[in-house]
Number of protein chains: 4
Amino acid sequence: MLIAKTPIFAGCLRFGVVNVRRVRFSVSSNMAKSKFEYVRNFETDDTCLRNCYIVVRLDGRNFHRFSEQHNFTKPNDNRALGLMSRSARSVMEDMEDVVIAYGQSDEFSFVFKRNSTLFRRRASKLMTHVTSQFSSSYVFYWREFFGEQPLLYPPSFDGRVVLYPTNHNLRDYLSWRQADCHFNNLYNTVFWTLVQTGGLSTAQAEDRLKGTVAADKNEILFSEFNINYNNESALHKKGTTLIWTKQNETVTKCIKVSNEEEEKEVSVIRSRRRVQAHYCDIIGEQFWDEHPDILEDDAH
Amino acid sequence: MLIAKTPIFAGCLRFGVVNVRRVRFSVSSNMAKSKFEYVRNFETDDTCLRNCYIVVRLDGRNFHRFSEQHNFTKPNDNRALGLMSRSARSVMEDMEDVVIAYGQSDEFSFVFKRNSTLFRRRASKLMTHVTSQFSSSYVFYWREFFGEQPLLYPPSFDGRVVLYPTNHNLRDYLSWRQADCHFNNLYNTVFWTLVQTGGLSTAQAEDRLKGTVAADKNEILFSEFNINYNNESALHKKGTTLIWTKQNETVTKCIKVSNEEEEKEVSVIRSRRRVQAHYCDIIGEQFWDEHPDILEDDAH
Amino acid sequence: MLIAKTPIFAGCLRFGVVNVRRVRFSVSSNMAKSKFEYVRNFETDDTCLRNCYIVVRLDGRNFHRFSEQHNFTKPNDNRALGLMSRSARSVMEDMEDVVIAYGQSDEFSFVFKRNSTLFRRRASKLMTHVTSQFSSSYVFYWREFFGEQPLLYPPSFDGRVVLYPTNHNLRDYLSWRQADCHFNNLYNTVFWTLVQTGGLSTAQAEDRLKGTVAADKNEILFSEFNINYNNESALHKKGTTLIWTKQNETVTKCIKVSNEEEEKEVSVIRSRRRVQAHYCDIIGEQFWDEHPDILEDDAH
Amino acid sequence: MLIAKTPIFAGCLRFGVVNVRRVRFSVSSNMAKSKFEYVRNFETDDTCLRNCYIVVRLDGRNFHRFSEQHNFTKPNDNRALGLMSRSARSVMEDMEDVVIAYGQSDEFSFVFKRNSTLFRRRASKLMTHVTSQFSSSYVFYWREFFGEQPLLYPPSFDGRVVLYPTNHNLRDYLSWRQADCHFNNLYNTVFWTLVQTGGLSTAQAEDRLKGTVAADKNEILFSEFNINYNNESALHKKGTTLIWTKQNETVTKCIKVSNEEEEKEVSVIRSRRRVQAHYCDIIGEQFWDEHPDILEDDAH
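What you see is a predicted model, and the numbers here were worked out from it, not measured in a lab.

A. How the structure looks around the interface of chain B and chain A. Contact with chain B, which involves 88 residues of that partner, is made by 87 residues of chain A. Taken together, both faces of the contact between chain B and chain A bury some 7800 Å²; the carbon and sulfur share is 61%. Linking chain B with chain A are eight salt bridges, by the criterion used here. Measuring nitrogen to oxygen at the nearest pair gives 3.2 Å for the salt bridge that ties Arg-160 of chain B to Glu-43 of chain A. On inspection of chain B and its partner chain A, the count reaches 22 residue pairs in polar contact (both at pLDDT 80 or more). Per element, the largest residue contribution to the side of chain B that touches chain A is 15 residues, and it comes from helix H7 (residues 167-196) of chain B.

Structure below.
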C-alpha cells in the first residue's frame, strides 16, 4: 500500500518493459485508472497467525487418471516419486524458510519456520507460490525422470495452508502423514502382490483384504509370497523427508593481494546449505534428536 | 468430513494403487493414525461469500529477471503473450465456471461465475488450482511459442482471490486492469521508441517522460517518430480477453436403427463451447452488450 | 497503527485521567512495555467485504429459562417485546448507519448500509458494539417495561455478522426472519390456546399439532376456539421493523440580529431523523415501494 | 447443522413459547421459509485455531465522556474499578473455561483455556457473549457500587478476539497490559497530584511532565509531595487479576440412612471453585509459580 515517492523508475523493468504498475504514480496522473482503483480495497488480509508453523500441503489432482495414462508402475513408481522430490527440492531452494518437507504418493507438505515473515505471512501468497513452483518444476524436470516418455498434458496440484501452534502439534501432523504413508503402502503392497503374483483380480484382492489389520497383511505377504515387509524399500515405507544440511566445500578463489600486481589462488572452505533427502522414521524421537535445529523451542 | 460407509473401494485408485486415504476406514483400524488424526481439525474453512464473483489473479514472480534472461522483445513479446493466453485457456478448459479471463503483461485474472460451487467455493482450492494449472501449462506449452529456445528454469506465479459483490464492481475491476494495460503500454511504447529509435539511454528516456501525461506521449510518438498510437496492435493496447463461445460443428455419427442389422451414418449438428480470444475494449458498454451472457443480473 | 506525533495530550482524558495509552509515546520511553508490545501483531484483520450489507443478528441466550423465571406471558409477552424494541432503538440511535432493524421473539437483526465505513467495517467491532449497546440497554430500560418486577440476573445475547452482496439477498434474509416469525407465532398461538383454553397438557397439545400444516392450525383456531388468526396482533404475526423517518419539527430559536442589541425569537423548521416502528409485512413489495430509501441500488 | 430427528419438542421453549426455530422441521413443511432459507449459507465459519489461548479483550467506548458525566474521582475511582471487576466475575462464572482475567482502567481481558471447545471455538460467539454478559452486568450491578447515584445512559464496550499459540506469548500479552497499567497509573498519579495538590492547571501539569521518565515522576512525587509511589494502592498500580481457586466448605446435609425411618444430619466437606481477585505483579515468575494450574504446558 506504500506509494513509492522517488525515484519512480529504479530499474523496475518487467517483461523487458518499464513496469509502471507497482510504482503507481498513475494514481494522480490518470483519471480513468484512479476511478477504478477502489476495487483494490476488496482484497482481504489473510495473514497467518504469528509464532505458528505454517504448513502448505499439495495434493495431485486426478492423479489416479494421470498415473494410469502415464503407465506408472504399481504399487510404487520410483520415477514419479523421484520427480515429486525433485520438484519439492525446487520449492525449498526457492523459499529457504521451509525447514522441512515431507512427501509420499502424490502429496507433499512444506513446513515454514514458525517466525517466518516471507510474503508477510500472507496465506494466499505462500500457498500459491509453493503450488506454482512445484507445478512448473514437475513439468520442467519430467524428462530427467521419464526420459523420452512424453508428458501427455499439464498436471495440476491443489494446495492448502494449515497452522500448527506448537512443536508437539507439528510433529503430530508429520506423524499423521507418515502413518498414512505406511498404512497405504502396506495395503497397496499386499494388494498388488495378490494381483500381480497371486493372480487375483482386483475385485478378488479387495475382497481378500476386507477387514484385515496390519498383522494379517504382513502374514499374507510372508506366508504366501515369502516377502518380509520390513525389507521393502524405505522410500516406499517411510516416504521422503527433505531437510537442510550444511556442507563445507573447498573452493578455489583468486584473491588480490594488496600492494601486489598479481592475484593469488587460495583455497577457502565455504559452508553451504543443501537440501538432503531422508527415508527414515520421523514419528519417533531419534530423527528429531539427530536434527535439533529443525524446530524452534515453543518457549521461544 | 463424511466417512464413506460402503463400498469402501469403489475404484478409488491413486498412483495406480488403491488409495485408502480418502475413504478413511483407517480411523478405526489403525491406532497410530487415529492418534494423530486430530491435526486435521487445525484446517480452517475459507469458503467464499455466496453470490459474489470470485476473481483469481495471477502475477509472474520476478518476471523482469525472467524476461531479461529469455530475451523477451521490448516493449512487448508476442511469444510470451501468446504463451500466457495459451496457459489461461488451459485453465478455463479445466474449470468451466470461469466466465471471463483477462490478461496483460505477466498477469491474468480469472472470473468465476457468481454462483459457482466449484471446490465448494473454498478460496485456497480455487486459487491453488488455477495457479497450478497455469504454471504447469506455461512450461508444457513453452515450445509451442518459443520453439528451440530453451526454458532456463521453472517460472513461478503467485495468486490471490478477490470477491466482487455486484456486476458494477466486477466490471470496474476488469476496467482497472485494462486501464492499467493501456497506461503501461503507452508508456512503454514511447519509452522504447525513444531508446530503440531515438537513440536515448534508458535513463534519458525516463527523464524525458517524467511528468508527461497521455497526450504528451501521443504527441512525442506522432511528431518525432511518425507513429500513431491508435494504430498500434490491439493485443498490446487492450490485452487479451478470453470468453466462451458456442460453436456449431457438424459431426458424422453412426446410429443404430432399431429393427435393423445395420448402422446408419448421419450428420448431426453439435453445439460446443470454445474459448475465444478478444483484443478489444472491455471498459465501455459495447463488449458487454454484445455478450450479455457473461454476467448474471444482480437481481438474480 | 498511527503514532500521534504532536501534541501528545490533546485532551484525551479517560476515566477522568489522562489516557496515555492510545497516544503510545510509551513505546520509546518505556522499555518493559515495548518489549511486550509485539503481541499486538497477533490481532487479525476482519474487515467486511466492501459493498455488501452487513447484518448483525442478536439472539437471547437461554431465554427459555429467562422467560420462565420472569413469568413472561405466553405465547407472547408484550412487555418483553417492547423492551427488545427499545433496546434495538438504542442501538440504532447510537449507530446511524443501521438502515433497518427487524426483531421477533428474542432475536434482533441490524442491517448496516452497504457502504458503511463504521469501525472501518471490522466485523468484531460491529458485532460487539451492537451486542454491548443492546445488552446494557436491556437492563437499563427494564423498569420502563416491567415496572417493579425485578430483573433477577443480567441477561446475555450472542451476536454474529453475516454479509449479503445484493438487495435481493438482503430482502430474502429479512423475509426468512419474518417467515420464521409467522411460522412460530402460528404454532405457538394454537399450542397455547389448546393448553390455556382447551385444557390440554403441553404434551397433549404437542401431540395434537404433530404433522399439521398452516391450514390445519388455522382451522383448529377457528372451528374449535372461534379465533380468526388474521385478526391477531400484527406485532405478534409480523414482528417489529425499525426504520428511520425524517420528521419536521418547529423549534423556537433566539437569533442575534446584526446591528441590534437584542436577540429575536424565531420559529424554524428542523428536519430530524427518528426511529419508527412498523408491524407490517416486509416480504412483499409494498413496504419497499413505500420506503425506497432504505436500500441502495445494486448498480450503484 | 444437525437436524433433530425425534422428539421434536423436547421442552425447547423459548419466551415461554415453543421454539420451533432451532429444530427446523419447518424446512419441509413451510414453503415460504424454505425458499428463503438459503440465506443461511452466507454465514461464514470463524472457528479459532486449536490449541491456542483465546483472549477476548473489552474496552469501554467513549469512557472519557462517561467518566466525566458520572463524576469519577481522579486519577482512579474505586467504585468504577469495583464495578468492572464485578462484571468480569459475572463473565467468568458464566463461562468457566476462562482461566484468568485481567483488568485495568476501562478494559478487561478474558483468557480461555487453550483447548476450550466452548461455542465450538467460534470467535463471534465467544466475543459477543463475553461482551454481552459484561455489559448487562455493568448496568445490573451499578447500584452495588454507586448506590443512589443514577446511571445516566447505557454504557457500551467493544470487544475483540486475539489468539496466542504459546504460554510465552500469552504471558507477554498479560505483561503488556500490566505494564500499560503501571505506566498510565504513574503518569496519572503525578498529573493529578500536580493539579489537585500542587495547584497547577491541567495544561501546566501536562507541560511539566513532558519528556519525563519514570524516575523523574517518582522524584516529583517524593520530593515535592512526600508521596512514595511504592506505597500507593496495589489495585491502582497492578490492576485486577481474577483466577479460580478451590475452596473447601463445610456443609450440613441430611442423609437417609438405609433401613431407618429417619434422616441423619452429617457434615460434609465440599470443594468449590470461586473467582478470586489478586492485585499483584503478573509479569514476574512468582505469581505463575504459585498458580501452576492456570496455564497448560505447551508440550501438551
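There is more to say after this.
B. Structural context of the UniProt feature "binding site: Mg(2+) 2" (unreviewed entry) in chain A. Residues and elements named next belong to chain A. Mapped onto this numbering, the UniProt entry annotates "binding site: Mg(2+) 2" (unreviewed entry) at Asp-59 and Asp-106. What stands out for the annotated residues spanning 48 residues is how close their C-alpha atoms remain, the widest pair being 5.9 Å apart. Checked against the element boundaries, Asp-59 lands in strand E3 (residues 53-60). You can call Asp-59 buried: its relative accessible area is 4%. Polar side-chain contacts of Asp-59 include one of 3.5 Å to the side chain of Arg-57. Mapping Asp-106 onto the fold places it in the loop between strand E4 (98-104) and strand E5 (107-112).

C. Up close: the side chain of Ser-85 of chain D. By the secondary structure assignment, Ser-85 of chain D is in helix H4 (residues 78-94). Once you skip the residues sitting within four places of it in the chain, Ser-85 of chain D turns out to touch Phe-108, Thr-240 and Leu-242 of chain D.

D. Spatial organisation of the nonpolar core. The biggest cluster of nonpolar side chains holds 249 residues, and the ones touching the most others in it are Phe-110 of chain A, Phe-110 of chain B, Phe-110 of chain C together with Phe-110 of chain D. In this structure Phe-110 of chain A touches Ile-54, Val-55, Val-56, Leu-58, Ala-88, Val-91, Met-92, Val-98, Ile-100, Ala-101, Val-130 and Phe-134 of chain A, once residues within four positions along its chain are discounted.

E. Up close: the interface of chain B and chain C. Between chain B and chain C, the residue contacts involve 13 residues of the former and 13 residues of the latter. At the boundary of chain B with chain C, total buried surface from both sides reaches about 930 Å², with 65% on carbon and sulfur atoms. Looking only at chain B, the three residues that lose the most surface to chain C are Leu-49, Pro-165 and His-168 of chain B, adding up to 41% of its buried area. Taken together, chain B and chain C are joined by zero salt bridges. Applying the counting criterion to the chain B and chain C interface returns two residue pairs in polar contact (both at pLDDT 80 or more). Here the side of chain B that touches chain C is built from residues that sort into five nonpolar, five polar and three charged.

F. Up close: the relation of the copies chain B and chain A. Rotating chain B by 180° about the axis while translating it 0.0 Å along that axis superimposes it on chain A, leaving an RMSD of 0.1 Å. Within this description, the copies of the chain are treated as partners about a two-fold rotation axis. Across chain B, the smallest distance between a C-alpha and the rotation axis is recorded for Ser-136 of chain B, namely 2.2 Å. Take the interface residues of chain B: 99% of them recur as interface residues in chain A, which is what a same-surface contact looks like.

G. Main features of the UniProt feature "domain: tRNAHis guanylyltransferase catalytic" (unreviewed entry) in chain A. Following the UniProt record, one finds the feature "domain: tRNAHis guanylyltransferase catalytic" (unreviewed entry) at residues 36-165 of chain A. The distance separating the terminal C-alpha atoms of residues 36-165 of chain A is 40 Å; by composition the span is 37% helix and 22% strand.

H. The arrangement of the packing of aromatic side chains in detail. The full count for this structure, using the stated rule, is 92 aromatic pairs over all chains. Aromatic pair Phe-66 of chain D and Phe-72 of chain D: ring centres 6.0 Å apart, planes at 85°, arrangement edge-to-face. Accessibility expressed as a relative area gives 1% for Phe-66 of chain D, which makes it buried. Looking at Phe-72 of chain D, the relative accessible area reads 4%, which means it is buried. One residue, Arg-177 of chain B, lies across the ring of Trp-176 of chain B, its end atom 4.3 Å from the ring centre.

I. How the structure looks around the packing of helix H4 (residues 78-94) of chain B against helix H5 (residues 123-140) of chain B. All names here are of chain B. Here H4 crosses H5 at 135°, and the two axes come no closer than 8 Å. Considering the angle they form, H4 stands oblique to H5. Seen from above, H4 lies across H5 with right-handed handedness. The residues of H5 that touch H4, namely those facing Leu-83, Met-84, Ser-87, Ala-88, Ser-90, Val-91 and Asp-94, are His-129, Val-130, Gln-133, Phe-134, Ser-137 and Tyr-138.

J. Seen up close, the pairing of strand E6 (residues 157-164) of chain A. All names here are of chain A. Within E6, eight of the eight residues are buried, leaving the element largely enclosed by the surrounding structure. Burial along E6 is two-sided: Phe-157, Gly-159, Val-161 and Leu-163 facing one way and Asp-158, Arg-160, Val-162 and Tyr-164 facing the other are all buried. The pairing of E3 with E6 spans eight bridges and is classified as antiparallel. Across the sheet, residue Val-55 finds its bridge partner in E6, namely Val-162.

K. Highlighting helix H9 (residues 214-225) of chain B. Residue and element names in this part refer to chain B. The end-to-end C-alpha distance of H9 is 16 Å, a good match for the 16 Å that twelve residues give at a rise of 1.5 Å each. What H9 keeps buried is the set Lys-217, Ile-220, Leu-221 and Phe-225. Here the buried residues of H9 occupy an arc of 90° about the axis, which is enough to place them on one side. Once H9 ends, the next one or two residues include Asn-226, with phi positive near 60°.

L. Structural detail: the sheet that holds strand E6 (residues 157-164) of chain B. All names here are of chain B. The six strands are arranged E6-E3-E5-E4-E7-E8 in an open sheet whose pairing can be described as antiparallel. The open sheet has two free edges, formed respectively by E6 and strand E8 (263-278), since each of these has just one partner strand. If you compare each strand with its neighbour and ignore which way they point, the axes differ by 20° on average. Each of strand E3 (53-60), strand E4 (98-104), strand E5 (107-112) and E6 touches H7; the most contacted strand, E4, lies at about 20° to it.

M. Spatial organisation of the packing of helix H7 (residues 167-196) of chain D against helix H9 (residues 214-225) of chain D. Residue and element names in this part refer to chain D. At a minimum axis distance of 10 Å, the contact between H7 and H9 shows a crossing angle of 35°. Taken as a pair, H7 and H9 cross one another with a handedness that is left-handed. Facing Leu-186, Tyr-187, Thr-189, Val-190, Thr-193 and Leu-194 of H7, the residues of H9 in contact are Ala-214, Lys-217, Asn-218, Ile-220, Leu-221, Glu-224 and Phe-225. Broken down by class, the residue content of the contact of H7 with H9 amounts to eight nonpolar, three polar and two charged.

N. Looking closely at the pattern of salt bridges. The final tally for this structure, using the stated rule, is 88 salt bridges over all chains. Here Arg-143 of chain B and Glu-148 of chain B are joined by a salt bridge, their closest N and O atoms 3.4 Å apart. By relative accessible area, which is 57% here, Arg-143 of chain B ends up exposed. Judged by relative accessible area, which is 65%, Glu-148 of chain B ranks as exposed. The shortest N-O distance in the salt bridge between Arg-57 of chain D and Asp-59 of chain D comes to 3.5 Å. Through salt bridges that share partners, Glu-43 of chain A together with Arg-57, Asp-59 and Arg-160 of chain B make up one connected network.

O. Local environment of the sheet that holds strand E3 (residues 53-60) of chain D. Residues and elements named next belong to chain D. Spatial ordering of the open sheet is given by E6-E3-E5-E4-E7-E8, a layout of six strands whose pairing is antiparallel. Single-partner strands in this sheet number two, and they are strand E6 (157-164) and strand E8 (263-278). Neighbour-to-neighbour, the strand axes of this sheet turn through a mean angle of 20°, independent of strand direction. With 16 bridges joining them, strand E7 (residues 240-256) and E8 adopt antiparallel strand pairing. By the bridge assignment, Trp-244 is partnered in E8 with Val-275. On the sheet, helix H5 (residues 123-140) packs against E3, strand E5 (107-112) and E6 and is oriented at approximately 140° with respect to E6. Running at roughly 20° to strand E4 (residues 98-104), H7 makes contact with E3, E4, E5 and E6 of the sheet.

Cut-off values and rules
- Residues numbered from 1 in each chain as written.
- Chains lettered and ligands numbered in written order.
- Predicted model: local features only at pLDDT ≥ 70, side-chain atom pairs only at ≥ 80, totals over all residues.
- Heavy atoms only, no water.
- Contact = heavy atoms within 4.5 Å.
- Buried area = accessible area lost by both parts, 1.4 Å probe.
- Salt bridge = Lys/Arg side-chain N within 4 Å of Asp/Glu carboxyl O.
- Polar contact = N/O pair within 3.5 Å; in protein donor to acceptor, adjacent residues only side chain to side chain.
- Helix = DSSP H or I, 4+ residues; strand = E, 2+ residues; numbered from the N terminus.
- UniProt positions renumbered as here; feature names shortened; annotations may be inferred.
- Buried < 20%, exposed > 50% of the residue type's maximum accessible area, 1.4 Å probe, protein only.
- Core = buried A, V, L, I, M, F, W, Y, C linked by side-chain atoms within 4.5 Å.
- Nonpolar A, V, L, I, M, F, W, Y, C, P; charged D, E, K, R; others polar.
- Least-squares fit on C-alpha atoms with pLDDT ≥ 70 in both.
- Phe/Tyr/Trp six-rings, centres within 6.5 Å; stacked < 30°, edge-to-face > 60°.
- Lys NZ or Arg CZ within 6 Å of the ring centre and 35° of its normal.
- Axes fitted to C-alpha atoms, helices over the stretch in contact; angles between N-to-C directions.
- Parallel < 35°, antiparallel > 145°, perpendicular 65-115°, else oblique.
- Left-handed = near helix turned anticlockwise from the far one by under 90°.
- Pairing = 2+ DSSP bridges.
- Expected span 1.5 Å × (residues − 1).
- Arc of directions from axis to C-beta.

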